[in-house]
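What follows is the residue order along each chain.
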Amino acid sequence: MPPAATSPARRRELAGHGMGLFTAFSFGSAYPLGKPVVAAVDPLAFACLRYLLAGLVMLAIVRMMGPFRTRPSDLPSLALLAVLGFALFQGIWGFALDM
């Protein structure tokens, strides 16, 4: 029997789908919106502004969710993943804008 429409499991499932759609939209709109901006603004300045805005939005979301605790032993792994994600995305994005 499927879960009820208002059950916590169903709400989590719908929230997950919504986050996936938002992510797809965000990544999909990066190129068409970024191409004309990079022609007028320094690409590094534009990237820094984008990541600053994204960080502020994520910080606001985390604060609304309540306390966020991370084990200190997880911090090096999280930092490495953040740097890799930033470097790979920026590298691929910059390559695409040069096409």
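Treat the numbers as computed from the prediction; the structure is a model and nothing was measured.

A. Just helix α1 (residues 8–40), in detail. With 33 residues, α1 ought to run about 48 Å at 1.5 Å a step, and its terminal C-alpha atoms sit 47 Å apart, in line with that. Turning to α1, the residues buried within the fold contact α2 (43–65) and α3 (75–97).

B. Molecular detail of α3. With 23 residues, α3 extends 32 Å from end C-alpha to end C-alpha; this agrees with the ideal 33 Å at 1.5 Å per step. What α3 keeps buried is the set Q90, W93 and L97. For α3, the elements touching its buried residues are α1 and α2.

C. Focus on the environment of L33. Looking at the secondary structure, you find L33 in helix α1. In this structure, the C-alpha to C-alpha distance between L33 and V57, residues 24 residues apart in sequence, is 19 Å.

D. Seen up close, the layout of surface pockets. There is about 880 Å³ of room inside the largest pocket. Surrounding the largest pocket, 21 residues form its lining, F22, S26, F27, R50 and A54 being those nearest its centre. At the level of secondary structure, the elements contributing two or more residues to the lining of the largest pocket comprise α1 and α2. Its residues assigned to classes, the lining of the largest pocket comprises 15 nonpolar, five polar and one charged.

E. Structural detail: the packing of α1 against α3. Here α1 crosses α3 at 55 degrees, and the two axes come no closer than 10 Å. Between α1 and α3, the interaxial angle falls into the category oblique. Considering only the axes of α1 and α3, their crossing is right-handed. On α3, the residues touching F27, A30, Y31, G34, K35 and V38 of α1 are F89, W93, A96 and L97. In the contact of α1 with α3, the residues fall into eight nonpolar, one polar and one charged.

Reading the values: rules and limits
- Residues numbered from 1 in each chain as written.
- Predicted model: local features only at pLDDT ≥ 70, side-chain atom pairs only at ≥ 80, totals over all residues.
- Heavy atoms only, no water.
- Helix = DSSP H or I, 4+ residues; strand = E, 2+ residues; numbered from the N terminus.
- Expected span 1.5 Å × (residues − 1).
- Contact = heavy atoms within 4.5 Å.
- Buried < 20%, exposed > 50% of the residue type's maximum accessible area, 1.4 Å probe, protein only.
- 1 Å grid on protein atoms, 1.4 Å probe; cavity = no way out; pocket = protein on both sides within 12 Å on 5 of 7 lines; lining within 4 Å.
- Points joined across faces, edges and corners; volume = space filled by probe spheres on them.
- Nonpolar A, V, L, I, M, F, W, Y, C, P; charged D, E, K, R; others polar.
- Axes fitted to C-alpha atoms, helices over the stretch in contact; angles between N-to-C directions.
- Parallel < 35°, antiparallel > 145°, perpendicular 65-115°, else oblique.
- Left-handed = near helix turned anticlockwise from the far one by under 90°.

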